[in-house]
Amino acid sequence: MKTLSIDIETFSSVNLQKCGVYKYAESEDFEILLFGYAVDGGPVQVVDLACGEKIPVEIINALSDERVIKTAFNAAFERVCLSNYLGEWLEPESWHCTMIWSATLGLPLSLEGVGAVLGLEKQKLTEGKALIKYFCVPCAPTKTNGGRTRNLPEHDMEKWQQFKAYNLRDVETEMGIQEKLSRFPVPQKIWEEYHLNEEVNDRGIGVDMVLVKQALEIDKKSREHLTALMQDMTKLDNPNSVQQMKSWLAENGLEMDSLGKKEVAAAIKTAPQDITDVLSLRQQLAKSSVKKYTAMENAVCKDNRARGMFQFYGANRTGRFAGRLIQLQNLPQNHMEDLAEARGLVRSGNYDALELLYEDIPDTLSQLIRTAFVPQKDRKFIVADFSAIEARVLAWLAGEQWRLRVFEEGKDIYCSSASQMFGVPVEKHGVNGHLRQKGKIAELALGYGGSVGALKAMGALEMGLTEEELQPLVSAWRNANPMITRLWWDIDRAVKTCVKEKIRTETHGIVFHYQSGFLFLTLPSGRQLAYVKPRMGENQFGGEAVTYEGVGATKKWERLESYGPKFTENVVQAIARDILMFAIQTLSHCDVVAHVHDEIIIECDRKVSLDAVCEQMGRTPPWAKGLLLRADGYECDFYKKD
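Predicted model, so just to flag it, every value in this text is computed and none were measured.

**Comments concerning the packing of helix α19 (residues 413–422) against helix α22 (residues 467–480)**
Working step 1: Running from N to C, α19 and α22 cross one another at 100°; their axes reach a closest spacing of 8 Å. By the angle between their axes, α19 is roughly perpendicular relative to α22. For the pair α19 and α22, contact is made by Ser417, Gln420, Met421 and Phe422 and by Leu473, Ala476, Trp477 and Ala480, respectively.
Working step 2: When grouped by side-chain class, the residues that make up the contact of α19 with α22 number six nonpolar, two polar and no charged.

**Details of the nonpolar core**
Working step 1: In terms of nonpolar packing, the biggest core is built from 179 residues, with Phe35 and Phe373 touching the most fellow members.
Working step 2: In this structure, Phe35 is in contact with Ile6, Asp7, Ile8, Gln45, Val46, Val47, Leu49, Ile55, Ile59, Leu82 and Asn167, ignoring residues within four places of it in sequence.
Working step 3: The next biggest cluster of nonpolar side chains, apart from the first, holds 16 residues, and it includes Leu249, Leu259, Leu279 and Leu285.

**A few points about unusual backbone geometry**
Working step 1: A positive phi angle is found at Asn74, which is not glycine, with a value near 65°.
Working step 2: Position of Asn74 among the secondary structure elements: in the loop between β4 (69–72) and α3 (75–86).
Working step 3: Its identity is not glycine, yet Asp378 carries a phi of approximately 55°, on the positive side.
Working step 4: Position of Asp378 among the secondary structure elements: in the loop between α16 (361–367) and β10 (380–386).

**Notes on empty space enclosed by the protein**
Rolling a probe over the atoms, with the probe sized like a water molecule, indicates the empty space that remains.
Working step 1: Within the structure shown, the criterion is met by two cavities of 30 Å³ or more.
Working step 2: Taken as a whole, the largest cavity spans an internal volume of roughly 50 Å³.
Working step 3: Every residue lining the largest cavity is listed: Leu196, Glu199, Val200, Arg203, Ile584, Ser588, Cys590 and Val592.
Working step 4: It is helix α8 (residues 188–203) that contributes the most residues to the lining of the largest cavity, four residues altogether.
Working step 5: The class makeup of the residues in the lining of the largest cavity is five nonpolar, one polar and two charged.
Working step 6: Taken as a whole, the second largest cavity holds about 30 Å³ of empty space.
Working step 7: In terms of lining residues, the second largest cavity is bounded by Val200, Asn201, Gly204, Ile205, Ala306, Arg307, Gly308, Met309, Phe310 and Val593.
Working step 8: Residues that form the lining of the second largest cavity fall into these classes: six nonpolar, three polar and one charged.

**Overview of the packing of aromatic side chains**
Working step 1: Summed over all chains, the structure comprises 21 aromatic pairs.
Working step 2: For the ring pair Tyr22 and Trp89, a centre distance of 6.4 Å and an interplane angle of 20° mean the geometry is stacked. Taken together, the residues Tyr22 in helix α1 (residues 16–25) and Trp89 in the loop between α3 and β5 (95–97) connect sequence positions 67 residues apart.
Working step 3: According to the relative accessible area criterion, Trp89 is partly exposed, its value standing at 39%.
Working step 4: Members of the aromatic cluster, connected to one another through ring pairs, are Tyr134, Phe135, Trp160, Phe163 and Tyr166.
Working step 5: Sitting over the face of the ring of Phe11, Arg150 holds its NZ or CZ atom 3.8 Å from the ring centroid.
Working step 6: Over the ring of Tyr134 we find Lys159; its NZ or CZ atom is 4.1 Å from the centre of that ring.

**As for the pattern of salt bridges**
Working step 1: Tallied over the entire structure, the rule returns 41 salt bridges.
Working step 2: Note that Asp591 and Arg203 form a salt bridge whose closest N and O atoms lie 3.6 Å from each other. Placement of the pair is Asp591 in strand β17 (residues 591–596) and Arg203 in helix α8, with a sequence separation of 388 residues.
Working step 3: Overall, Asp591 belongs to the partly exposed group, its relative accessible area being 25%.

**Looking at the side chain of Arg307**
Working step 1: Note that Arg307 resides in the loop between β7 (305–306) and β8 (310–315).
Working step 2: At 2.6 Å, the side chain of Arg307 forms a polar contact with the backbone oxygen of Asp202.
Working step 3: Reaching out from Arg307, the side chain makes a polar contact with the side chain of Asp303 at a distance of 2.7 Å.
Working step 4: In this structure Arg307 touches Tyr22, Asn201, Asp202, Arg203, Gly204, Cys301 and Leu325, once residues within four positions along its chain are discounted.

Calculation rules
Residue positions within a chain follow its written sequence, with the count starting from 1. Where totals are concerned, whole chains, interfaces and linings use all residues; where local detail is concerned, this predicted model gives features only for residues with pLDDT of at least 70, and gives and counts side-chain atom pairs only at 80 or more. To obtain the side-chain values, all non-hydrogen atoms of the structure were used and water was disregarded. In this analysis, axes come from line fits to C-alpha atoms, helices being fitted only over the stretch in contact, and the angle between any two N-to-C directions falls in the range 0 to 180 degrees. Helix and strand assignments come from DSSP, with helices taken as H or I runs of at least 4 residues and strands as E runs of at least 2, each series counted from the N terminus. Roughly parallel covers angles under 35 degrees, roughly antiparallel covers those over 145, roughly perpendicular covers 65 to 115, and oblique covers all other angles. Contacts: residue pairs with any heavy atoms within 4.5 Å of one another. Three categories are distinguished: nonpolar for Ala, Val, Leu, Ile, Met, Phe, Trp, Tyr, Cys and Pro, charged for Asp, Glu, Lys and Arg, and polar for the others, with Gly belonging to the last. The term nonpolar core refers to a set of buried residues drawn from Ala, Val, Leu, Ile, Met, Phe, Trp, Tyr and Cys, joined through side-chain atoms within 4.5 Å. Working definition: with a 1.4 Å probe on protein chains only, accessible area under 20% of the residue-type maximum means buried, over 50% means exposed, and in between means partly exposed. Grid points spaced at 1 Å and placed over the protein atoms alone form the basis of the search, with a cavity being a set where a 1.4 Å probe fits but cannot get out and a pocket an open set showing protein on both sides within 12 Å along at least five of seven lines. Lining residues have an atom within 4 Å of a point. Grid points are joined across faces, edges and corners, and a volume is the space filled by probe spheres set on the points. Stacked, edge-to-face and tilted are the three classes for Phe, Tyr and Trp ring pairs, Trp counted by its six-membered ring, which pair at centre distances within 6.5 Å; planes under 30 degrees apart are stacked, over 60 edge-to-face, the rest tilted. Counted as over-ring charges are cases with an Arg CZ or a Lys NZ within 6 Å of the ring centre that also lie within 35 degrees of the ring normal. The term salt bridge refers to a side-chain nitrogen of Lys or Arg lying within 4 Å of a carboxyl oxygen of Asp or Glu. For this analysis, a polar contact is any N or O atom pair within 3.5 Å, provided that within protein one partner can donate a hydrogen and the other can accept it, and provided that sequence-adjacent residues contribute only side-chain to side-chain pairs.

Written out as structure tokens, the structure is:
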């Protein structure tokens, strides 16, 4: 036996979407109902465990045999569930995931989606959702069903036979995908990265459940208090209702089209005091970030660790990771000086002291979210991140020498950028210091072909820049960075030539080639980015553009357009991802518990040296000669932004 294709159907009263597979599979009523499998691409067998059948011994042995490659679509689900079922942990090394294979080729992350795009002969059966709802989750007790809370096979044998057919078809679809993609095998190096990410997911990160539970209690109390205050001030039945609040504001002389965060913040600056007070209360009540505490409570396992938070290849345009469950990628920042003190008050449930010391309780709870992640067993966290990783990669790729010197000399890129743009020395808090802000916003908004719109989206007008200053700022940045501007259009030309003429092109160490309906971009690391069914089309301005198929902003599979600067952004972010992955591999002897964009969180013994970790993380991969990296870090007893 060389390969084993698997698909399972399971029952658990735990909500899989909210809690993730690790918590789902450890629940006391978890069970595997059906086990569909095929050996070496042969006919599919379905073992009906719910009706007393047993998985054959040779198949059980193969699950823990590292020489047999196990494949499944979203293999983490099968691996974690089967680990629980067998009572022994199945390490990820001999597991391959067809979902990841699809993602490496820019295809959707769902079995149904991939089957449709590839035009498989045997597609996923559409009636599956209704069958899963019937057999895999608890049901509401009714008179008709005799008050039961779960549907078993004997309650509807016809549906059960359909469910077995559905399970069998899923294995066939998964094998069909493998067959279709066999021309583009996933390099072993990518599987090794996937296994390393699964180890991080298996390890999980510690959560301070005392803090989480108290924060939820305090939030509830605070919301009741704020709502009562608003009711008192407005005399509305439900001051949280957008409609009621808009009407009240209109009656009091303030017409507002939207009660979004930005609109409310803008209105607070100019409205009369009584309206400002109401809007400020509304702002506090609208703080949705405290929902993260609920997400933690949902996801945390019995040993107080949250697992399964990183989706490998979750952003399949670049291969970057995506956050799952608690979503570490978008945690609110902390700016409080007395973080530890505030944290102590919340842990002890001291609502009165919080109210006395902090005027905005929701904001305080929001700033404490990061601190709910804690090392366990008397260990510490080391948090290390790359300094200006995308700016460094962009300068290195383009060969923008003055920028490379800035990084070499350890200078502030925002000051140096402003200095290059305006031809005067700029120092932070010193000579021409006011120009640093312009340098910063230009750096953040303009690196990938952005113009006036990008500056506005980055908040240029809110920062005090005028409309008239924006276009000159764009021109100044591009003039100061001629090599980066050239990089965009060199990449644009290379992509267009490759798509039009179906020939191999190359620029700045990036290779483009067309094969079997895919545009492939080979990065300096050797990893490839894939674009599905590329062709020439027209952009919104009537010019020529490269288009390809992918998941768009609407989350639907559609034709998307791109151009040089956008491809440049994909390339730079993909290279930054490869550097992060190289760092995780370099530090794999440490317990990496989380990673966010350009940051790694390690749980380690108190004797481990911070400097040694930063030095190892800052090593340049062998494929990126001449790229200067720097990693900075800090130690802490709870996660925070330093």
